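Structural overview for review
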Amino acid sequence: MSVSTAALDPSVCAPLPVLGQDVTVPLVTGGEVTYAALDYSASAPALQRVWDDVAAYAPYYGSVHRGAGYLSQLSTDLFENSRRTVAEFLGCRPEDQVVFTRSTTDSLNLLAAAIPANCQVFVYETEHHASLLPWRDAQVTYLNAPRTPGQAVETLERALADREPYGPALVCVTGASNVTGELWPVRELAAAAHAHGARIVLDAAQLAPHHPVDIAELDVDWVAFSGHKLYAPFGSGVLAGRADWLQAAEPYLAGGGASRKVARRADGGVDVDWHTTAARHEAGSPNVIGVYSIASACKALTEAGFDSLVAREQELVSRVREGLAEVPEVQVLSLFGDDAPRVGVISFVVRGWNSSHFAAALSAEYGIGVRDGLFCAHPLVRTLLGSDPQDPGECGAPEAEPGERSLNAIRVSFGAGTPDEHIDRFLRAVTELVREGAQWKYRTEDGRCVPDRGEAPQV
């Protein structure tokens, strides 16, 4: 999967309006500045369009599926129309199901609970923990980090060919790394999986907000993603794809909505007839507003022209990479090399800096929000940093004091709502911090590097 911008003019696509774009934050050195949200990979700001759509619907909110009242019927239509909107956004096949969940993590745990008995799972060590960890009841083969897309395919083919016994198998792979932003060869991996009788699920948490995802074109069996990374708030996610394993599995949650009929038996027990539709795994009162916000975001990205959004983001990626390359102390992390196509997610380390210290200075002195840590992808970041897999480290900051070497990295991420000024400020801040140092003293507090409010600025 590659991204080409040759035929597109990024200047014709302005940033999409998002919530919080005018929020100001205080600087430890004095004054205020408009906040630069450059942590899209964790949670992207909600599109203004999504918020407006939700606000317009909110007075009409009601229960879904079983209510006789007008608002309940309206909400039911909204909920099911949202399902169709998401299916269209993902290029679902006619027989595919769209199940609404809480997040990518929830989606992949749902699928893990639905895989057949004796199913073997193959997952790269480079995955986010959401796709690395759910397969606890399966026989799991963890594949080493590949250094080229071709090596990723070859590694998978060998592992699938060597599996014993030959039976149901599932491959789990990311579409775009949440650490390096690099695009994975999803179509080629899907072909390799199917050639060896395996199925494949795509973790699109970082791909869907940055690049069109088409289930049929990629020929994957399932796609999982989160609304809060797709410019939609309210804690909803999606698992979309083939229905057979989902229909054959016990409901992910047992309760109302998942059951079609419940009756007492003569022996005092209970017989349950479960739904075979997506409702089978959507027990309880669903997050209607969350689901609607995902559908609204899908529509907004489509109507804005996803190709133009991709082109503009690629322009920002080039600017960030070129700017960081001008600072010798900065090392950008990569699996596949400098020429690998990627989305707006870039991780790096700075020689002579603790990553938590650097991120704290970006926030306190420049009003820039990035992320530091291992990004819930511990094995991958440790591999990229060349550290031992057993080295300590957490998703948050390490115990290292400012100035000490840390076993984590800094991640800058951006997307459809990022203004040019935020990128310019970030690159200027990196250059100034490396060349001139921080203006303030910092200390470690509860595992985080924070400005020392009791200390005067450094002279």
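Residues numbered from 1 in each chain as written. Predicted model: local features only at pLDDT ≥ 70, side-chain atom pairs only at ≥ 80, totals over all residues. Heavy atoms only, no water.

1. Comments concerning helix H13 (residues 420-436)
Along an α-helix, a turn takes 3.6 residues, which lines up residues three or four apart on a common side. Taking 1.5 Å of rise per residue, the 17 residues of H13 would be expected to cover 24 Å, and the 24 Å separating its terminal C-alpha atoms lies within 8% of that figure. All of the buried residues along H13 are His-422, Ile-423, Arg-425, Phe-426, Leu-427, Ala-429, Val-430, Thr-431, Leu-433 and Val-434. One or two steps after H13, the chain reaches Gly-437, where phi turns positive at roughly 85°. (Helix = DSSP H or I, 4+ residues; strand = E, 2+ residues; numbered from the N terminus. Expected span 1.5 Å × (residues − 1). Buried < 20%, exposed > 50% of the residue type's maximum accessible area, 1.4 Å probe, protein only.)

2. Comments concerning helix H5 (residues 149-161)
Spanning 13 residues, H5 covers 19 Å between terminal C-alpha atoms, matching the ideal 18 Å at 1.5 Å per step. When H5 is considered as a whole, its buried residues turn out to be Ala-152, Val-153, Thr-155, Leu-156, Ala-159 and Leu-160. The buried residues of H5 all sit within an arc of 160° when viewed along its axis, so they share a single face. On its buried face, H5 sits against strand E5 (120-124), strand E6 (139-143), strand E7 (169-174) and helix H6 (186-195). (Arc of directions from axis to C-beta. Contact = heavy atoms within 4.5 Å.)

3. A short note on the sheet that holds E6
The sheet built from seven strands is open, its strands ordered E4-E10-E9-E8-E7-E5-E6 with mixed pairing. If you trace the sheet from one side to the other, it starts and ends with strand E4 (97-101) and E6, each paired once. Here the strands of the sheet are splayed against their neighbours by 20° on average, with no regard to which way each runs. Across five bridges, E5 lies against E6 in parallel orientation. For Tyr-124, the partnering residue across the bridge sits in E6 and is Leu-143. Contacting E4, strand E9 (222-226) and strand E10 (237-241), helix H2 (residues 70-89) runs over the sheet at an angle of about 115° to E4. Against the sheet, helix H3 (residues 104-114) engages E4, E7, strand E8 (199-203), E9 and E10, with an angle of about 150° to E9. (Pairing = 2+ DSSP bridges. Axes fitted to C-alpha atoms, helices over the stretch in contact; angles between N-to-C directions.)

4. Some words on the confidence of the model for the protein chain
Chain-level pLDDT for the protein chain is 92 on average; 92% of the residues reach the 70-or-more range. Every residue in residues 1-8 is under pLDDT 50, and counting partners more than four places away or in other chains gives 18 contacts. Predicted confidence for residues 394-398 stays below pLDDT 50, and this span has 22 contacts to residues more than four positions away or in other chains. (pLDDT = per-residue confidence, 0-100.)

5. Notes on the nonpolar core
Core analysis: the largest hydrophobic core is formed by 84 residues, its most contacted members being Leu-90 and Phe-225. Top element by residues in this core is helix H9 (residues 288-304). It accounts for nine residues. In this structure, Phe-225 is in contact with Val-86, Leu-90, Ser-103, Thr-104, Ser-107, Ala-204, Ala-205, Ala-208, Leu-230, Gly-237, Val-238 and Ile-294, ignoring residues within four places of it in sequence. (Core = buried A, V, L, I, M, F, W, Y, C linked by side-chain atoms within 4.5 Å.)

6. What to know about a nonpolar patch on the surface
Residues Tyr-60, Tyr-70, Leu-71 and Leu-74 make up a contiguous nonpolar surface patch of roughly 400 Å² in combined accessible area. Relative to the elements of secondary structure, Leu-71 occurs in helix H2. You can call Leu-71 partly exposed: its relative accessible area is 33%. (Patch = residues over 30% accessible without salt bridge, like charges linked within 9 Å, V, L, I, M, F, W, Y side chains within 5 Å. Areas by Shrake-Rupley, 256 points an atom, 1.4 Å probe, with all protein chains shown as cover. Salt bridge = Lys/Arg side-chain N within 4 Å of Asp/Glu carboxyl O.)

7. Quick look at the packing of helix H11 (residues 355-366) against H13
Contact pair H11 / H13: the axes reach a minimum separation of 11 Å and the direction vectors enclose 115°. Every pair of crossing elements has a handedness; the one defined by H11 and H13 is right-handed. The segment H11 lies against H13, with Phe-358, Ala-361, Leu-362, Glu-365 and Tyr-366 engaging Arg-425, Phe-426, Ala-429, Val-430, Glu-432, Leu-433 and Val-434. Grouping the amino acids of the contact of H11 with H13 by side-chain chemistry returns nine nonpolar, no polar and three charged. (Left-handed = near helix turned anticlockwise from the far one by under 90°. Nonpolar A, V, L, I, M, F, W, Y, C, P; charged D, E, K, R; others polar.)

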